[in-house]
Amino acid sequence: MDVVWASLWLFTLLNVVAVAALSLVWLERKLLGRMQGRVGPTRVGPFGLLQPIADGIKLLMKEDIAPGSSSRVLFFVAPLLVFVPSYMVWITIPFGRDLFVRNLDLGLFFFVALSVLGIVGLVLAGWSSNSKYAILGGFRSAAQLVSYEIPIIMTILVVAMLAGSLSFRDVVLAQDVVPYAAVQPLAFGVFLLAGLAEVGRTPFDIYHAESEVVGGPFVEYSGAHWAIFFLAEYINTFMVGALGALLFLGGWRWPVGDVPAAAGVALFLFKTYAIVAVIFWVRATYPRMRIDQLMSFGWKVLIPLSFAAFVATAFQMFYGWPIWTLTILSLVILVPPIYIQLRWQRKPAMALAKHYAEIAVAVHAQPRPVPVAAVTEADAAPGREDDA
Amino acid sequence: MTTEQQHDTIDMMLNMGPQHPATHGVFRMVLTLDGERVLDVTPHIGYLHRGSEKLCESESYGQVVTLFDRMDYIANLNNELAFCRAAERLMSIEVPERAMYIRVILAELNRVASHALFIGTYAIDLGAMTPVMYGFRERERIQNLFEAVTGARMMHNFIRIGGVKEDVPDDFGPRVRQLIGQVREGIEEMDRLLTFNEVYLARTRGVGVIDAATAISVGLTGPSLRGSGVAYDVRKDDPYEIYPYLSYKVPIGENGDCWDRYYVRLQECYESLSMISQCLDQMEAGPTMVQMRRIARPPKGEVYVHSENPRGDIGVYLVSDGTDKPYRLKIRPPSFCNLVGLAPMTRGSYIADAVAILGSLDIVLGEVDR
Amino acid sequence: MTAQTPNPPSEGDGEPPPAAAPVHRGPPIAIAEEVLNERGERTARLLAEVVGPHAQESGGRDDLPWAVVAPENLVEVARKCRNSSELALDMLHLQFAVDYEDHIQMVYVLFSMSLDRKAILRVNLPAEDPTVDSVVGLWEAASWYERETHDLFGVEFAGNPDLSPLLLFDGFEGHPGLKSYPFNDYQEW
Amino acid sequence: MAIGDDERDAQGLPLFVPERWDREKSGRFFDSDEHGGESDGKGNHPAPNLIRSAAPGVITAKLDQLAALGRANSLWTLTFGLACCAIEMISTHMAHHDFDRFGVVTWPSPRQSDVMIVAGTVVKKMADPIRLLYEQMPDPKWVIAMGTCATSGGPYYKSYSVVMGVDHIVPVDVYVPGCPPRPEALMDGIIKLQRKIKDDAKGEQIDLLQEATDDRTDA
């Protein structure tokens, strides 16, 4: 009997997640449009709201080409391997106090385990479509996503330590006094950056970079299969927003405490969309990093920082210092890398720009010959003067 | 460069084909890759070879100006100016002062529009979506003014042999001053967004370095050459039109990497804007066309005239046999010569750098293939 | 100038012109006078020293002196121009061919970035099988110029490592740059 | 590809003969058919598929119009600029003219694009790549020939290396005149294409030329 309930719940979850992803598609095009001085889709329905639906209909109705030289079965399985994990994670994510499909008490662990599966689908898509760009994109995605799992896991461990439990609900309930973003700003920052890389948004979107590998693993997909990839990517972005809201901003509880479910969900969605808007804002401003810079940033900066956050939390909990010492500790750890970054990259560039301003070759205007009223041959044509 | 591999691996040949978002049109690059590292680049061009030089030989001098518009289709007025100066030098015509001022104002505005487009497309090659929108917003403003003066957004056919087609509209002065203010703000906006952006610096500093000697031997000219430290600018070293009467600074870089080439072009925008305001102050009333026959018929002889285009040093070698059609007309396209420098710069870099280096050379395919 | 008579149909129409020079029925052809300004005079004197006996003809216009050199000692003269201290022509600004129907003339425009000097070297080649030594060794810019001239004019460059087609596609027969290439009878396809 | 050796002309370029131009149908998923219906290049006539063969014409009429509405309002163009018209096409996509209002986004890969805007002079060396790109695009696809060069060779009609119009290579749906056409002209071309898609789905064939003359008469 509960199989029917479970399938009903899963079906509604699928719809909720799909609608959320479509709203993200619309929000991205409108937000990016606004930031770039243009309007974004306006013709398709009021304020362009039907634009994602029009895209969806078109993509479903399109011919779905599998290139002749590709291994057909793997080609059609790969999108499912990417979509299913990103959808299954939503089972444990609570929208409100008791608005969830299953409240696993190992919710965080379940999320970490599933988010790694998406990589298999990407690499399979890259390899099975038998095109050089796809293979390059697939290997890049493998390298990037694996190396950004570790910072995410460490920051989630920090939250688990603070909350004392691995279930999403308990984490949110534990944050009623102060959200963990205030307690551990370092972990919040590392989580957002690693989340950006996990989802492949700029400045970490190297595996489907348009100008280098032309869409990466998705190059050969068209029509419905490509739509599944597209949807999975937006669901992942929504997931990073949701997790940021739940783990660090106190989900549906923080400022208002216990409120009726509807207000709680509204608050949770507001926080999620705020984080997603920041992700789109970063996409509009930053260029893309190169693959070796991305790797060195991941391994040399994010992972040490996440370990430092972990150790700081351990110290605070072991010695039982008051909670605000942890905030100061994590801020102290956060400031030096930012200072070093500015010191070694921005200042020398500014100094170089000043230096170039000095060594620019100045050309001084020669006195103009007295302008004769009518133009006659006597007016020495400047074109002929030679002495520089 | 690459450590010798124990097992023999085959280098992958990646074809960045004629249709590729980063190749600015129909330019094809075959990269020999060892993983992500580029071992060698073999550029293939000719996908837009329309035979303009052969066409020029069967059209009269007035008609050739339109073909020059379509060669470097981002700096149209500068191309028209290059050809008209060659024909005027051959016919030894003195262009009236006011026509020269109008020409220089429009050419410098076109240079600013071209550099604004460069900053935009270069940023989108590296992944930033917003500067290209700001760049094209400035370009639209300048194109609106071009439309008021010459009647067309891109293919103006306004600079003629012996002067300009007609005088500028009456509100030209105040309108250009207002335009200079707006465009300066727009470019400063792009400057604030991009120049000292950490990720942008990481992607362009020290990438695609070429020293002055190889740059000269390879034939680089214009901002790409000035990025490597050679202070050669045709407006300074071989002054033409009314450039000797203007005071400005020629920005040069030192390390010859992508960021220097970008920064030289950015500073050139500001210099061009200040030049335009100086021209507006010095311009007086007067005729805008020299008295000559409608069909230009230069004497038999040869002449070589070069002028400063946004992309580099465009040279026009005109051989005339006395009839009203040029006997042979050879154009020295700066983008064509800058492309020769692509291979030495890109060896040993990554794929992402190959895209950045190609973008920093700012090539236009209509000019490369003619 | 006299009133402009309608221009006679240009020689290019229909079949290629007869071997004899086409009779020209337009207004008298004026010859452009070639006068050098003093900067050009200075460069011309330096060029005369460097080129020395090899110069078959020389002249100049404004600040651009030119000298005609025999094809066999082109590379030697070019190397001297490039390496000489006071001429220092370190940039090959432009290299192309002009088809005069009875002979093909290669033109090398050389610039000096440091001393701001300019000079032109010209080489006359027979029209049948025009071959000349390649200057790729002196200036790397020559590689693409020579490939393009080889495509459009069929001039062979001895010593250029790869003369594969640059501007035209592989199956293209004929050299479109030559005057003899049919121009107006375009086949619609 | 389906070009035999005999179908190349003297200069080795593919002769394009619409009738004999057939494409092998690889595996289809949803919309188009499995048994190789002939796509007559009109792009918008989706070959008969599962639903349409089950209940011909009855319930599918509305489905076609819904599909056409979806297709018309989300035309994804292929990033494919050849020459000067490409600059005007880019400035149409940019902030001032903003193609995004019509749902038109430029996409780098041919697999995910519906419209190929051929913007610029079609050179013979570029003929094969254009043909290849057209064949890589999934089925309901359209071509806009932007500018006189793509329509009929433009100012280079006498040149030895220019193809006289892209309709020698691919079937074209909308021609946009101009050299280069203003961004507003390209937007008008896209709007005409949208109307063409919607009217094709209704079954009646609108004749753009005739309709253009009507506009002139009653203007």
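Note that the coordinates shown come from a computational prediction; the quantities given were computed from them, not determined experimentally.

## Let's talk about the overall build of chain A
Counting its regular elements, chain A contains 15 helices and one strand. The C-alpha atoms of chain A give a radius of gyration of 27 Å, which is well past the 21 Å a tight globule of 388 residues would have. When the backbone C-alpha atoms are referred to their principal axes, chain A occupies close to 105 × 60 × 40 Å. Taking all 388 residues of chain A together, the buried fraction comes to 53%. When contacts within chain A are restricted to residue pairs at least 6 apart in sequence, long-range pairs at least 24 apart make up 76% of them. If you sum the accessible surface of chain A, you get close to 16,300 Å²; carbon and sulfur atoms cover 76% of it.

## Let's talk about the nonpolar core
Ranked by internal contacts, the top residues of the largest apolar core, which has 235 residues, are Leu31, Tyr73, Phe83 and Tyr262 of chain B, Tyr108 and Leu121 of chain C together with Met116 of chain D. Among the elements that line this core, the one with the most residues is helix H4 (residues 97-126) of chain B, at 18 residues. Those residues in contact with Tyr108 of chain C that lie beyond four places of it in its chain are Leu74, Leu92, Leu94, Gln95, Ala119, Ile120, Leu121, Val123, Val132, Asp133, Val135 and Phe157 of chain C. Listed in part, the 95 residues of the second largest apolar core include Val17, Leu24, Leu122 and Met295 of chain A.

## Some words on the environment of Met116 of chain D
Summarising the element assignment, Met116 of chain D is placed in strand S3 (residues 115-119). The exposure class of Met116 of chain D is buried, given its relative accessible area of 0%.

## Some points on the interface of chain B and chain A
How big an interface is tends to be expressed through the accessible area that disappears when the partners come together. With 66 residues of chain B at the contact, the number on the chain A side is 57 residues. Each partner contributes to the roughly 5,500 Å² buried at the junction of chain B and chain A, and carbon and sulfur atoms together form 59% of this total. On the chain B side of the contact with chain A, Phe196, Glu198 and Tyr245 of chain B bury the most area, a combined 12% of that side's loss. Linking chain B with chain A are four salt bridges. Taking the shortest distance from any N to any O, the salt bridge between Arg203 of chain B and Glu212 of chain A comes out at 3.6 Å. Contributions of two or more residues to the side of chain B that touches chain A are made by strand S1 (12-16), H4, helix H5 (130-150), helix H7 (198-204), helix H10 (234-237), strand S6 (248-250), helix H11 (258-282) and helix H14 (351-361) of chain B. Where strand S1 (residues 361-363) of chain A meets S6 of chain B, three bridges bridge the pair, whose relative direction is antiparallel.

## Describing the sheet that holds strand S3 (residues 37-44) of chain B
Strand order in the open sheet made by the three strands is S1-S2-S3 (chain B), with antiparallel pairing throughout. Of all the strands in the sheet, the pair left with one neighbour each is S1 and S3 of chain B. Within the sheet, the average angular offset between the axes of one strand and its neighbour, ignoring direction, is 25°. When strand S2 (residues 28-34) of chain B meets S3 of chain B, the two strands line up antiparallel, connected through seven bridges. By the bridge assignment, Leu33 of chain B is partnered in S3 of chain B with Val38 of chain B. Along the sheet, helix H6 (residues 132-147) of chain A makes contact with S1 and S2 of chain B, crossing S1 of chain B at roughly 110°.

## Considering the sheet that holds strand S9 (residues 326-332) of chain B
Residues and elements named next belong to chain B. Read from one edge of the open sheet, three strands run S7-S8-S9, paired in antiparallel fashion. Each of the sheet's edge strands pairs with one partner strand only, and the pair in question is strand S7 (301-309) and S9. On average, each strand axis in the sheet is inclined to that of its neighbour by 15°, with strand direction left out of account. In this fold helix H3 (residues 76-91) packs onto S7, strand S8 (312-320) and S9, with an angle of close to 150° to the strand it touches most, S7.

## What about the state of the cysteines?
Covalent bonding between the sulfur atoms of two cysteines defines a disulfide. Residues and elements named next belong to chain D. Per the counting criterion, the structure on display carries zero disulfides over all chains. The thiol of Cys85 is not disulfide-bonded; the next cysteine sulfur, from Cys84, is found 5.9 Å away. In this structure Cys85 comes out as buried when scored by relative accessible area, which is 5%. Considering cysteine sulfurs only, Cys149 is the nearest to Cys179, which forms no disulfide, with 5.4 Å between them. A residue is classified by how much of its surface remains accessible, and Cys179, at 29% relative accessible area, is partly exposed.

## Observations concerning the packing of aromatic side chains
The full count for this structure, using the stated rule, is 42 aromatic pairs over all chains. Taking the centre distance of 5.3 Å and the plane angle of 40° together, the rings of Phe188 of chain A and Phe248 of chain A count as tilted. Here Phe188 of chain A is found in helix H10 (residues 185-199), whereas its partner Phe248 of chain A is found in helix H12 (residues 224-248), with 60 residues between them in sequence. Take Phe248 of chain A: its relative accessible area is 0%, and that puts it in the buried class. Ring centres of Tyr327 of chain B and Tyr100 of chain C lie 5.7 Å apart, and the angle between their planes is 10°; on these two criteria the pair is classed as stacked. On the criterion of chain membership, the pair formed by Tyr327 of chain B in strand S9 and Tyr100 of chain C in the loop between strand S3 (91-99) and strand S4 (103-111) is interchain, its members lying in two chains. The class for Tyr327 of chain B is buried, based on a relative accessible area of 14%. One aromatic cluster is present, built from ring pairs that chain together Phe75, Phe76, Phe218, Tyr221 and Phe229 of chain A. Sitting over the face of the ring of Trp76 of chain D, Lys58 of chain A holds its NZ or CZ atom 3.5 Å from the ring centroid. In this structure, Lys141 of chain D packs its charged tip against the face of Tyr134 of chain D, placed 4.5 Å from the ring centre.

## Concerning the interface of chain D and chain B
Every contact between the two is made by 35 residues of chain D and, on the other side, 31 residues of chain B. With both sides pooled, the region where chain D packs onto chain B buries about 2,800 Å², and carbon together with sulfur makes up 67% of that total. Summed over the three residues of chain D that lose the most area to chain B, namely Ile87, Met94 and Tyr156 of chain D, the buried surface amounts to 21% of that side. Put simply, chain D and chain B have two salt bridges between them. Between Glu88 of chain D and Arg153 of chain B there is a salt bridge whose closest N-O contact spans 2.9 Å. Linking chain D to chain B there are nine residue pairs in polar contact (both at pLDDT 80 or more). For the side of chain D that touches chain B, the elements supplying multiple residues, two or more each, are helix H3 (84-93) and helix H4 (127-136) of chain D. Take the side of chain D that touches chain B: its biggest share by element is six residues, from H3 of chain D.

## Points about the packing of helix H4 (residues 107-115) of chain A against helix H7 (residues 149-163) of chain A
Residue and element names in this part refer to chain A. Two elements in contact, H4 and H7, have axes whose closest approach is 11 Å; the angle formed by their N-to-C orientations is 175°. Considering the angle they form, H4 stands roughly antiparallel to H7. Every residue of H7 that contacts H4 at Leu108, Phe111, Val112 and Ser115 is listed here: Glu149, Ile152, Ile153, Ile156 and Ala160. In terms of residue class, the contact of H4 with H7 is made up of seven nonpolar, one polar and one charged.

## Remarks on the confidence of the model for chain C
Residues and elements named next belong to chain C. Per-chain confidence: chain C averages 81 in pLDDT, with 83% of residues scoring 70 or above. For chain C, strand S1 (residues 55-61) is the element with the lowest average pLDDT, namely 84, and S4 is the one with the highest, namely 93. Taken over the whole predicted complex, pTM reads 0.88, whereas the ipTM for its chain interfaces reads 0.87.

## Quick notes on unusual backbone geometry
A cis amide bond links Thr202 of chain A with the next residue in sequence, Pro203 of chain A, at an omega value of 5°. For Pro203 of chain A, the location among the structural elements is in the loop between H10 and helix H11 (210-213). The omega torsion of the bond from Cys179 of chain D to Pro180 of chain D falls at -10°, within 30 degrees of zero and hence cis. With respect to the element layout, Pro180 of chain D can be found in the loop between strand S5 (174-176) and helix H6 (183-202). One non-glycine residue, Asn157 of chain B, lies in positive phi territory at about 55°. Positionally, Asn157 of chain B belongs in the loop between H5 and strand S4 (159-160). Residues other than glycine seldom take positive phi values, yet Glu101 of chain C does so here, at roughly 65°. Mapped onto the secondary structure, Glu101 of chain C falls in the loop between S3 and S4.

## Here's the deal with the pattern of salt bridges
Pairing of side chains with opposite charge becomes possible as their charged atoms draw close. All names here are of chain B. Under the definition given, this model contains 61 salt bridges over all chains. The closest approach of N and O atoms between Asp281 and Arg177, which form a salt bridge, is 3.2 Å. A residue pair is termed long-range when its members are at least 10 positions apart, and Asp281 in helix H11 and Arg177 in helix H6 (residues 172-194) qualify at 104 residues. Relative accessible area serves as the criterion here: at 54%, Asp281 is assigned to the exposed category.

## With respect to the environment of Val172 of chain A
Residue and element names in this part refer to chain A. Within the secondary structure, Val172 is located in helix H8 (residues 168-174). Residue class for Val172 comes out buried when judged on its relative accessible area of 0%. C-alpha separation for the pair Val172 and Met61, spaced 111 residues apart in sequence, amounts to 42 Å. When residues no more than four places from it in sequence are discounted, the contact partners of Val172 are Leu246, Gly250, Gly251, Trp252 and Arg253.

Here is what the cut-offs are and how they apply
- Residues numbered from 1 in each chain as written.
- Chains lettered and ligands numbered in written order.
- Predicted model: local features only at pLDDT ≥ 70, side-chain atom pairs only at ≥ 80, totals over all residues.
- Heavy atoms only, no water.
- Helix = DSSP H or I, 4+ residues; strand = E, 2+ residues; numbered from the N terminus.
- Rg over C-alpha atoms; globule rule 2.2 N^0.38 Å.
- Buried < 20%, exposed > 50% of the residue type's maximum accessible area, 1.4 Å probe, protein only.
- Contact = heavy atoms within 4.5 Å.
- Areas by Shrake-Rupley, 256 points an atom, 1.4 Å probe, with all protein chains shown as cover.
- Core = buried A, V, L, I, M, F, W, Y, C linked by side-chain atoms within 4.5 Å.
- Buried area = accessible area lost by both parts, 1.4 Å probe.
- Salt bridge = Lys/Arg side-chain N within 4 Å of Asp/Glu carboxyl O.
- Pairing = 2+ DSSP bridges.
- Axes fitted to C-alpha atoms, helices over the stretch in contact; angles between N-to-C directions.
- Disulfide = S-S within 2.5 Å.
- Phe/Tyr/Trp six-rings, centres within 6.5 Å; stacked < 30°, edge-to-face > 60°.
- Lys NZ or Arg CZ within 6 Å of the ring centre and 35° of its normal.
- Polar contact = N/O pair within 3.5 Å; in protein donor to acceptor, adjacent residues only side chain to side chain.
- Parallel < 35°, antiparallel > 145°, perpendicular 65-115°, else oblique.
- Nonpolar A, V, L, I, M, F, W, Y, C, P; charged D, E, K, R; others polar.
- pLDDT = per-residue confidence, 0-100.

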